Amino acid sequence: MSLYSKNISFLIIAVSLVFITCSVVSAAALSPSLENMLLNSASQDSLVSVIVFVDGGSECLAAKAIARGETTLRGRHEMVVTGLKTAGSRALEKVETEIYRIYPEADMQEYWIAPALVMDIPVSLISAIADLPGVSAVIENAEVEFIEPVESNPAVGKIAQVYNHITSLNIPALWKIGLNGRGRLVCSFDTGVEGTHPALASKWRGNSVANSAAWFAPTSTDSIPFDRAGHGTHTMGLMVGSISADSFGVAPGAEWITAAVIDQGQTLSKTIADILAAFQWATDPDGNPATVSDMPDVILNSWGIPTTVLPPCDATFNQVIDNVEAAGIVTVYAAGNEGPEPQSLRLPANRASSPLNAFAVGAIDQTTNVVAGFSSRGPSSCDTTQKKPEVVAPGVNIYSCTKDGSYAVKSGTSMAAPLIAGIVALLRQYNPDATVEEIKNAIIMSARDLGTIGEDNNYGHGLPDAFKALSFIPAPPVPDVYVSGKVIGGDGIAMPGETFDLFVRLEIPGGSTDTLTAFIATEAPGVSILDNDALFFFSDKSIFSVNISPFVIRFDSSLVHGSDIEFKLYMQLPYQADFDTLALHLTVGYDPKGEMFTHSTSSMNVTVSDFGQFGFGPGSIYPAGGAGLTFCGSENLLYEAGIIVGRNSLLLSSSVRDSSCHAYISDFGAEEQLATVYPDIDGGYNSSAMFTDNESAIPIPVTINQSISSYDAPGDDGFVIIKYDIINSSNENLNGIYFGFLSDFDLDDAGDLTAVSGDDGLIYQSGGSIFSGIQPLTAFHGMRTIANIGGKKGLTDVEKYNYISYTGVDAERVTPDDYMTLVSFGPYNLAPGASREISFAIVMGESLDELNAYAVRAKEKYNIMTDIIDQTRILPKNFTLHQNYPNPFNPTTVINFDIDRATDMELSVFNTLGQKVATLFEGHAAAGSYQVVWDGTNKSGQMVASGIYFYKLTAAEYSETRKMLLVK
């Protein structure tokens, strides 16, 4: 038989069988266990859980969807699911009416994946219900057994290599051409999956969709996947598991969902109805038949129906599997571990009504390619002329993840089957619309014969070759195209006001085209596309290509740093009339390196950060979406403000402009992100943060606590009070530390004047009718006015140190010009862990008198605030770690703690494996009450997975831990 005719034969048989499944009406059958109950007179009054299968009649639409030749997965899925729901509802209605007549107390659960009802009934009524018109079978809702590994041992160390179970199936050849499962979804019916396992957590679909569409556990209320047995975690790992360079899963780019419907060693029983419910859930997880992104490409089944419950070749469950596959999901089954006896496969793996409709996988020892002794053998007990299994895969000493964040090697056909399920995801990535029959046929046709010549009952068709299987899958009409990279010409940063070249790297897994034409467009304001078309060449069917001539784009100077600009890339393949569309995103300039917050009063607004910078408003040195500084309805008046800390020109850390007049990168990075409290202890609005200078080229090193307060009461609304505690975070004495605050106000286009007012050193700028100043609240060292000569002046580290170490006052300028001012504090000598306070106020006014009035009030407010703080610092009597709020949370939560004396502290977050996820606070802290915010990110700034986490506060003589739950 030719290859072509063999493929067609498989498809014809499959379609014919679906017609038979939908249309044949047989007399109601009883499962053996129910027949035995009827023969036992003592059990007649007892209740038994049963599944009543109902004939779907002529309205079963699974076959019609295939017969009409739907070419897309979405089209087939929508037709089949909609049809099944309609047919099931109508078929069940009449039967339910009759059951209520016989048994009014019936509590029935409906299913549409195959028209069925689940309920508890007296044994004495079984025959009456089986005799009802339309009832095709009644079976006991018995427990389902999972196929346990024949051997399981902890893994000794993790082997960072390509594993032989991967190479045996020639998986790396598909990885090499970009097919790693990206964009595809797999599912398992197993003991669950440990959703927090490092090899799997980031791949759980529940990270981006509702948990109900990614986790099905009918006997549990847990919203996060768990696995107390470890079996389901191991099998899921073989489908998608990976950690950095260690990929032991076949499709490490795929995502996963799971149904925990197999016994986990608990008192909770998992029954055939749970499997039925899981198939229905997996076929349409989001409840919308028109969507397929939520539906898995493959369901891995490591379970079997005991032979005591159903006859060896019972067909009542077949319609469920047929309908699932008609909707577009490939189902793969572990053959079982009852070998080497013949006819040792369980239901449904032993089904053999066609070469494709029950895809069973046996196990070989991949080091010898010899069938494992435990692997169940054919022929099928349904038809002894039909050979089983379909194929084999490595199943001896297979490495994968398991429960408790660990790894193990296990043996069994449950280890072989997920490898084949993973191949399904790779083939679907190449052609998302490939049918179930095409995928199964491709895997069979790729198999290398290992046993006697031809198909046999030990190896089936043999060991599949994943790369060879690709040649039996039809090429997609429009291949999936990914943006795998982008390069901005020049320095690689698309700055506001800049025209730049854009090169895009496209990837087409499978290498199915030579050329591609693309056009780029956007509706974003402030963006001009000067050259919008390009040609991409994929030489020798390479999977990668970059446009030879660039797209040319201009960003307007009004755009905000950190803004995300969305473009549409319209792509056209040769001889194709239609365009495919991809989204492409570019960031304007530099992302802010931390959090920002705007203090607002009835008179002024000022934006602060947790990395030492202020402003970020329109027209500032770093317009990043902040308000800048405004007063009485003005436009932004602040070009730049920030801090400088240094011992000399080498040991110097700064958040203000460099010698090129750029201020995009601060030397300070947040240790505690910006948090806000309202009302504060003195009725104000307070923001607080902690940052270090660890990102400086040569850290001093220091830690800085920042506290900023604003007030809205009349007379208090024209200033903000800024307080810094500078802490020696080293183990050595730090001598000669200076601290400076640089402010560059732009008040009048014609230029400003600068001067000092009063004995307490209020240094101010004036322009037009606006006055702005810096009022020191603790003893200052010096004040300087610095001219921006010929435009904004860049500052070298030598200049910065000279400014902050300057002694005295040089502030008055009577000729209007573009000035900036600097107030310095110090020098301080700090022992390890010691700290000093620096406080000042930004003060605004529409006259010098108003400016002075606000300055006086700022000093009074600071003194009141200091008295309150001094009093409250002695309030905590003990170390106390409070419960976070909100809890559960998404995406941020607040953690409060109290300490009764100054000490070194650490507040950290741990996962359920005891691994440190993030450090929220570390260093010396004075007695008092503290508040930190966790935004759900780890040490690398990446969002962590949903689940339970622990936060722990430790000091020299104290430790306390509490639990919190992150949900998405």
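Residues numbered from 1 in each chain as written. Predicted model: local features only at pLDDT ≥ 70, side-chain atom pairs only at ≥ 80, totals over all residues. Heavy atoms only, no water.

## Some details on the packing of helix 11 (residues 413-430) against helix 12 (residues 436-445)
Working step 1: Following both chains from N to C, one finds helix 11 and helix 12 inclined at 120°, their axes separated by 11 Å at the closest point. The angle between helix 11 and helix 12 places the two elements in the oblique class. The handedness of the crossing between helix 11 and helix 12 is right-handed. Together, Ile420, Ile423, Val424, Leu427 and Arg428 of helix 11 and Val436, Ile439 and Ile443 of helix 12 make up the contact between the two elements.
Working step 2: When its residues are assigned to classes, the contact of helix 11 with helix 12 shows 7 nonpolar, no polar and 1 charged. (Axes fitted to C-alpha atoms, helices over the stretch in contact; angles between N-to-C directions. Helix = DSSP H or I, 4+ residues; strand = E, 2+ residues; numbered from the N terminus. Parallel < 35°, antiparallel > 145°, perpendicular 65-115°, else oblique. Left-handed = near helix turned anticlockwise from the far one by under 90°. Contact = heavy atoms within 4.5 Å. Nonpolar A, V, L, I, M, F, W, Y, C, P; charged D, E, K, R; others polar.)

## Considerations on a nonpolar patch on the surface
Working step 1: There is a patch of nonpolar side chains on the surface, built from Leu535, Phe537 and Ile548 and spanning about 300 Å² of accessible area.
Working step 2: Position of Phe537 among the secondary structure elements: in strand 25 (residues 533-537).
Working step 3: Of the residues examined, Phe537 reaches a relative accessible area of 45% and is grouped as partly exposed. (Patch = residues over 30% accessible without salt bridge, like charges linked within 9 Å, V, L, I, M, F, W, Y side chains within 5 Å. Areas by Shrake-Rupley, 256 points an atom, 1.4 Å probe, with all protein chains shown as cover. Salt bridge = Lys/Arg side-chain N within 4 Å of Asp/Glu carboxyl O. Buried < 20%, exposed > 50% of the residue type's maximum accessible area, 1.4 Å probe, protein only.)

## With respect to the sheet that holds strand 28 (residues 564-572)
Working step 1: Strand order in the open sheet formed by 4 strands is 25-23-28-29, with antiparallel pairing between adjacent strands. Two strands in the sheet have a free side with no partner beyond their single neighbour: strand 25 and strand 29 (580-587). Neighbour to neighbour, the strand axes of the sheet diverge by 30° on average, direction disregarded.
Working step 2: Note: strand 28 against strand 29, 8 bridges, orientation antiparallel. Bridging from a neighbouring strand, Ile565 pairs with Leu586 of strand 29. (Pairing = 2+ DSSP bridges.)

## Considerations on the pairing of strand 47 (residues 819-830)
Working step 1: The element strand 47 is extensively covered by neighbouring structure, given that 10 of its 12 residues are classed as buried.
Working step 2: Pairing of strand 40 (residues 734-745) with strand 47 involves 7 bridges; the strand directions are antiparallel. Along strand 47, the bridge assignment pairs Phe739 with Phe825.
Working step 3: With 6 bridges joining them, strand 44 (residues 782-787) and strand 47 adopt antiparallel strand pairing. Note that in strand 47 the partner of Ile786 across the bridge is Met820.

## Re the environment of Ala787
Working step 1: As for its position among the elements, Ala787 is in strand 44.
Working step 2: It is 74 Å that separates the C-alpha atoms of Ala787 and Met79, two residues lying 708 residues apart in sequence.
Working step 3: Apart from the residues lying within four places of it in its own chain, the contact partners of Ala787 are Lys793, Asp818 and Tyr819.

## Regarding the sheet that holds strand 2 (residues 47-54)
Working step 1: Reading across from one edge, 1-5-2-4-3 is the order of the 5 strands in this open sheet, with mixed pairing throughout. Two strands lie at the open edges of the sheet, namely strand 1 (29-30) and strand 3 (109-111), each paired on one side alone.
Working step 2: Across the face of the sheet, helix 2 (residues 32-39) comes into contact with strand 1, strand 2 and strand 5 (135-140) while running at roughly 80° to strand 5.

## What to know about the packing of aromatic side chains
Working step 1: Enumeration according to the criterion identifies 32 aromatic pairs in this entry.
Working step 2: Consider the rings of Tyr622 and Tyr664, whose centres lie 5.7 Å apart with planes at 80°: the pair is edge-to-face. Of this pair, Tyr622 sits in the loop between strand 32 (613-614) and strand 33 (629-631) while Tyr664 sits in the loop between strand 35 (652-654) and strand 36 (669-677), and the two are 42 residues apart along the sequence. The burial state of Tyr622 is the same as that of Tyr664; both residues are buried.
Working step 3: Each residue in the set Phe614, Tyr724, Phe739, Phe741, Phe825 and Phe840 is aromatic and connected to the rest through ring pairs, giving one cluster.
Working step 4: We note Lys792 situated over the ring of Tyr639; from NZ or CZ to the ring centre the distance is 4.3 Å. (Phe/Tyr/Trp six-rings, centres within 6.5 Å; stacked < 30°, edge-to-face > 60°. Lys NZ or Arg CZ within 6 Å of the ring centre and 35° of its normal.)

## Regarding the pattern of salt bridges
Working step 1: In the structure shown here, the tally under the stated rule is 25 salt bridges.
Working step 2: Residues Asp810 and Arg813 are paired through a salt bridge, measuring 3.1 Å at the closest nitrogen-oxygen approach.
Working step 3: For Asp810, a relative accessible area of 27% translates into the label partly exposed.
Working step 4: Judged by relative accessible area, which is 22%, Arg813 ranks as partly exposed.
Working step 5: If you follow the salt bridges from partner to partner, you end up with Glu640, Arg657, Asp744, Asp746, Lys792 and Asp818 in one network.

So far we have only geometry, and geometry alone does not tell us how the molecule works.
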